[in-house]
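# Per-entry structural report
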Amino acid sequence: MMCFPGSKTKSILYIILVTFLIGNQINAHAVKEHTAYVYDFTNVELILNSHSFNTHQRSTFTYGSQTETIERGLTIVHLQVDHKIEFKSFDTYGSDQDVVDFIKVLTEMMNAKASIAILAHDSAAAKLEGYQKELSNLGLPQLSTLKGRQAYIMHHVDGQIFEQIDDNSITKQIPIASPILDTTIYFPREVYEFEDNINRYIAHAGGEINGVKSTNSKHALDENYKKGFRFFELDIIETSDGKLVAAHDWDMWARFTDYTGTLPPTHAQFMKQKIYGDYTTLDMEGINTWFKQHPDATLITDKVNDPLAFANAFIDKDRLIMELFSIMAVEKASENGIHTMISQEPLLAIKGDKINFLKVNDVKYAAVSRRIISSQKKLMLALRDAGIKVFVFNVNFDSGKDEQYVHDNELGLVYGMYADKWITDMGSKN
């Protein structure tokens with residue numbers, strides 16, 4: 001023990017201080033051993049953003065650092081132990097069964113006094129008619145009277161029920177002031193089995209290169225071919241003099257190349273530019289040369305909607321799949337033996353038997369946003385069972401919804417994805 005010369009009082013005080021600290025450390029350790037969970041609730045809050053159809057905005061919720069974008073209908077968010085959450089969207093606009101499932105699980109959660117929140121997105125009320133009594137009995141009078149295209153939020157995290165309705169938007173921040181110890185799982189994770197192969201993965205806009213997405217460049221094709229991709233998407237647009245070239249859109253291309261001239265550029269102006277000063281742009285001659293040099297690669301097109309003109313310009317129609325954006329274009333491609341990937345909008349617009357239409361027109365592929373697949377699960381399963389391969393885009397658009405997430409959680413329900421980057425789990429088993 002250290003003593004300070006000439007200061008007996010300081011020595012005594014030092015002994016008292018050390019004894020006090022040791023005692024408190026022992027007591028703190030003893031308390032920790034008997035406490036099941038230890039939390040830091042500093043600045044932990046749940047943020048709900050509900051938007052009606054009229055706002056044309058995405059509804060979201062945030063818990064801690066996790067933000068999720070939700071689908072049409074009503075979404076239940078369940079707060080769990082260790083700052084975990086689970087959630088599920090119910091299409092209470094378009095599905096009678098989803099309303100039944102929603103009422104059932106909500107009743108279980110309310111009876112268990114679970115810490116939950118509910119928020120609406122888009123239009124959420126159409127199929128709720130006839131369930132006003134059940135919702136009111138659950139302590140949700142405002143939800144029981146929800147009208148079409150209204151925003152709605154509810155939370156039950158502090159023993160009290162809070163509800164709010166608005167014709168447009170609602171944002172609510174809810175501080176989480178006490179630990180949540182609930183370990184119950186109401187929404188078990190659904191895992192779909194699938195056999196992996198490299199043709200489940202499309203290199204989006206040529207694939208990422210050096211951290212840069214959407215270049216549609218020769219360098220991106222080269223780099224991502226080496227990594228393992230064999231399906232490559234390119235955005236096809238026209239120059240001012242009617243030449244087909246690969247670029248996402250002219251504003252993005254101008255930013256990538258520091259081009260300051262009139263848009264669209266001429267073909268000659270387009271070919272003079274380098275993306276970020278390094279990456280080579282592609283016109284039809286460059287596209288055909290690259291695919292001739294890589295005979296096991298397949299091109300998937302985006303933006304272009306004239307199947308016959310593009311198929312005639314491309315080097316190998318058998319290695320071409322065209323995403324098309326109208327029923328008329330799909331039928332034209334079918335008449336001319338062009339492999340078609342029907343886009344989301346015309347797919348959802350098909351009246352009557354969608355599967356029959358696709359089979360009659362020999363459509364073997366579909367492209368949809370991964371944001372809709374949970375609300376369109378029945379359609380996704382029907383397409384899968386019919387042998388129609390669905391590829392999802394909007395990968396990396398929402399926080400945490402990257403290639404690994406899609407691979408681990410959504411493949412099997414859908415066939416494949418538009419991926420910016422190659423991940424280890426994309427390895428082929430063939």
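This text follows the structure it describes.
A brief look at the structure comes next. Please read all numbers here as calculations on a predicted model, not as lab measurements. (Residues numbered from 1 in each chain as written. Predicted model: local features only at pLDDT ≥ 70, side-chain atom pairs only at ≥ 80, totals over all residues. Heavy atoms only, no water.)

Once that is clear, we can look at the layout of surface pockets. Over the atoms, a rolling probe the size of a water molecule traces out where space has been left empty. Reported here for the largest pocket is a volume of approximately 1500 Å³. What lines the largest pocket is a set of 47 residues, and nearest its centre among them are Phe 87, Lys 88, Ser 89, Glu 190 and Ser 374. If you list the elements that add at least two residues to the lining of the largest pocket, you get strand S3 (66–69), strand S5 (85–90), helix H2 (96–111), helix H13 (377–385) and helix H14 (403–409). Here the second largest pocket is characterised by a volume of approximately 520 Å³. Arg 58, Arg 72, Asp 122, Gln 344 and Ile 372 are the residues nearest the centre of the second largest pocket, which is lined by 18 residues in total. Counting only elements with at least two residues in the lining of the second largest pocket, the list comes to strand S6 (116–122) and helix H11 (344–349). (1 Å grid on protein atoms, 1.4 Å probe; cavity = no way out; pocket = protein on both sides within 12 Å on 5 of 7 lines; lining within 4 Å. Points joined across faces, edges and corners; volume = space filled by probe spheres on them. Helix = DSSP H or I, 4+ residues; strand = E, 2+ residues; numbered from the N terminus.)

Moving on: helix H6 (residues 250–257). Extensive coverage of H6 is indicated by the burial of six of its eight residues. Residues of H6 that are buried: Trp 250, Met 252, Trp 253, Ala 254, Phe 256 and Thr 257. Looking at the buried positions of H6, the neighbouring elements they touch are strand S11 (231–238), strand S12 (244–246), helix H7 (267–272) and strand S13 (274–275). For H6, the N-terminal cap is Asp 249; the gap from its side-chain oxygen to the backbone nitrogen of Asp 251 is 3.1 Å. (Buried < 20%, exposed > 50% of the residue type's maximum accessible area, 1.4 Å probe, protein only. Contact = heavy atoms within 4.5 Å. Polar contact = N/O pair within 3.5 Å; in protein donor to acceptor, adjacent residues only side chain to side chain.)

With that settled, consider the side chain of Thr 75. Position of Thr 75 relative to the elements: it lies in strand S4 (residues 73–79). Overall, the relative accessible area of 0% leaves Thr 75 in the buried class. A distance of 2.6 Å separates a polar atom in the side chain of Thr 75 from a polar atom in the side chain of Ser 89. Non-local contacts of Thr 75, meaning those with residues more than four positions away in its chain, are made with Ile 70, Phe 87, Lys 88, Ser 89, Ala 117, Ile 118 and Leu 119.

It is worth spelling out helix H10 (residues 327–335) at this point. Within H10 the residues assigned to the buried category are Ala 329, Val 330 and Ala 333. Take H10 and look down its axis: the buried residues cluster within an arc of 100°, on one side only. Exposed positions of H10 whose direction lies more than 90 degrees from the buried face are Met 328 and Glu 335. Contact partners of the buried residues in H10: helix H9 (307–313), strand S17 (320–324), strand S18 (339–343) and helix H12 (354–360). Phi for Gly 337, located one or two positions after H10, is positive at around 65°. (Arc of directions from axis to C-beta.)

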